[in-house]
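Results of the structural survey
In case you want the letters, here they are:
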Amino acid sequence: VVDFAAKIERESKIMSTKSGRKFPYDYLIIGLGVVTNYFGIKGLQENSLGIKTLQEAQNLRDHLHRQLVDDNRPDLNYVIIGGGPTGVELAGSLSSYIRHIMQRHGVPKKAVNIEIIEAEPRLLPRMPKNYSKAVQKRLRRLGVKIFLNQKVESQTADDLIVNGRPLRSHTVVWTAGVSCHPFFKENRFSRDMHGKVLVDQYLQAEPGIYVVGDNAATPYSGMAQTALRDGDFVGRHLIRMQNQKELSAYTPKKPIYITPVGKRWAALLWGNMHAFGWTGWVLRAAADWIGYRDLEPFLPASKRWLALGNSEESCAVCFKKTS
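As the structure is a computational prediction, the values presented were derived from the model and not from experiment.

Quick notes on the rules
Residues numbered from 1 in each chain as written. Predicted model: local features only at pLDDT ≥ 70, side-chain atom pairs only at ≥ 80, totals over all residues. Heavy atoms only, no water. Pairing = 2+ DSSP bridges. Helix = DSSP H or I, 4+ residues; strand = E, 2+ residues; numbered from the N terminus. Axes fitted to C-alpha atoms, helices over the stretch in contact; angles between N-to-C directions. Phe/Tyr/Trp six-rings, centres within 6.5 Å; stacked < 30°, edge-to-face > 60°. Buried < 20%, exposed > 50% of the residue type's maximum accessible area, 1.4 Å probe, protein only. Lys NZ or Arg CZ within 6 Å of the ring centre and 35° of its normal. Expected span 1.5 Å × (residues − 1). Contact = heavy atoms within 4.5 Å.

**What about the sheet that holds strand β14 (residues 209-211)?**
- Taken together, the three strands give an open sheet; going across it, the order is β3-β14-β13, and neighbouring strands pair in mixed fashion. Edge strands, defined here as strands with exactly one partner in the open sheet, are β3 (28-30) and β13 (204-206). Averaged over all pairs of adjacent strands, the angle between strand axes in this sheet comes to 35°, irrespective of strand direction.
- In this structure, β3 lies alongside β14, joined through three bridges in parallel fashion.

Structure follows, in C-alpha cells:
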C-alpha cells in the first residue's frame, strides 16, 4: 500500500471506509500487482521455477548455473509452461543464454532441448492470429519445440505429467497463471468476475482509495504501460483536487504490444500496424530507452540503456571469468 498523501499534505486523520476498514491516511493508491496462480495442479508450486519477480528470475539463473556445476552438463529438457508473452520471450532467449554459460563453465557443447507447453490452440492466444503465427515460426527456427492444446496435470521432482505422459525435466518454468492480489478479497473490495477491483471514472474503488495497475478492472489492465498510465493519472488527479481544478475522467489507452523472441527479433502490434523481425526489435530498443528516459536524465538513462546487454552473474565460476 503506497502512501501518496505527502503531496496532498494531509495525513492526520483516520480514513474510514464503508466496509469498516480504517487507514491512517486521507488518500491511498494501491498497486500491489498480481500473484502466481498454480490452478491447484499437484506438485507444481513445490517443484517448478518462476520468473515473475526479480527473486524468481535470480533463482532460475542460479538453478541453471548450479546444474552445470553439479552435473557438468545441461538439463535433458527445459520446459516452459505457458505460451503468453512471458513464456514466449523466455523460450526465445533461453537457449542462447544456456550456451553462453556452458562456455563460461567449460562444459562441452551440446544441443539444448527447450519445449513450450500451451493449453490453448496457439501461442499468444489474445493476440491476432498472424502475430501468433509469426512468433511460432520464429521459435521453431530457434529450435524450440511447441506443444499446443496440452494440459499439465502434475509435477514431481523428476517429471512433469502432460496429457497423461511423463516428461522428464528438472527445469520446469511456470509462466501460465496469475491472480489478482488476495489483499482485495481479504478486505472485501467490490470485484468483477475475474477478481479485479471495480473502480469509478477516477480509478477509485471507494472514496479516497485508488486502485491502479493489474488489479483494477479497466481495459488493458495487466500491461506495464497501463499501470504507468494509471499511476500518472491518479497523481495528476490528486494534484488537481488539491488545487481545486476541474477533474477529468480516466481514459484507457491501447498499449503497444512488443514481444522479443531471441536476438534482434521482435513482433510488434501498434494499433493496426504489425512489424516482425529486426524492425520490431529496433522499436523495442527505442521503447526501452524512452522508459529509462522517463525516469532519469538523459546521460544516466542512456548509460543504463547501453548496459542492457551486459551480464551480471552471481555464479562464482562466471564471476571469475569476467573479473
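Next comes the rest of the description.
**Quick word on the packing of aromatic side chains**
- Applying the stated criterion across every chain yields a total of eight aromatic pairs.
- Ring centres of phenylalanine 183 and phenylalanine 184 lie 5.4 Å apart, and the angle between their planes is 90°; this geometry places the pair in the edge-to-face category.
- With a relative accessible area of 0%, phenylalanine 184 lands in the buried category.
- Ring centres of phenylalanine 233 and tyrosine 250 lie 5.4 Å apart, and the angle between their planes is 75°; on these two criteria the pair is classed as edge-to-face. Here phenylalanine 233 is found in helix α6 (residues 224-242), whereas its partner tyrosine 250 is found in the loop between α6 and β15 (257-260), with 17 residues between them in sequence. No difference in accessibility class separates phenylalanine 233 from tyrosine 250, as the two residues are buried.
- Put simply, the rings of Tyr38, Phe39 and Trp174 touch in pairs and so form one group of aromatic residues.
- The ring of phenylalanine 147 has arginine 165 lying over it, and the distance from NZ or CZ to the ring centre is 5.4 Å.

**Brief notes about helix α4 (residues 129-141)**
- Taking 1.5 Å as the rise per residue, α4 with 13 residues should run 18 Å; its terminal C-alpha atoms sit 18 Å apart, in good agreement.
- Tucked into the core, α4 has its buried residues touching α3 (85-104), β7 (145-147), β15, β16 (266-270) and β17 (273-277).
- Following α4 by one or two positions, glycine 143 adopts a phi angle in the positive range, close to 90°.

**Comments concerning the sheet that holds strand β9 (residues 159-162)**
- The strand order β8-β9-β10 describes an open sheet built from three strands, whose pairing is antiparallel. Here the strands that pair on one side only, and so sit at the sheet edges, are β8 (152-155) and β10 (165-168). Each neighbouring strand pair of the sheet contributes to a mean axis angle of 25°, computed without reference to strand direction.
- The pairing of β8 with β9 spans three bridges and is antiparallel. Considered in β9, the bridge of valine 152 is made with valine 162.

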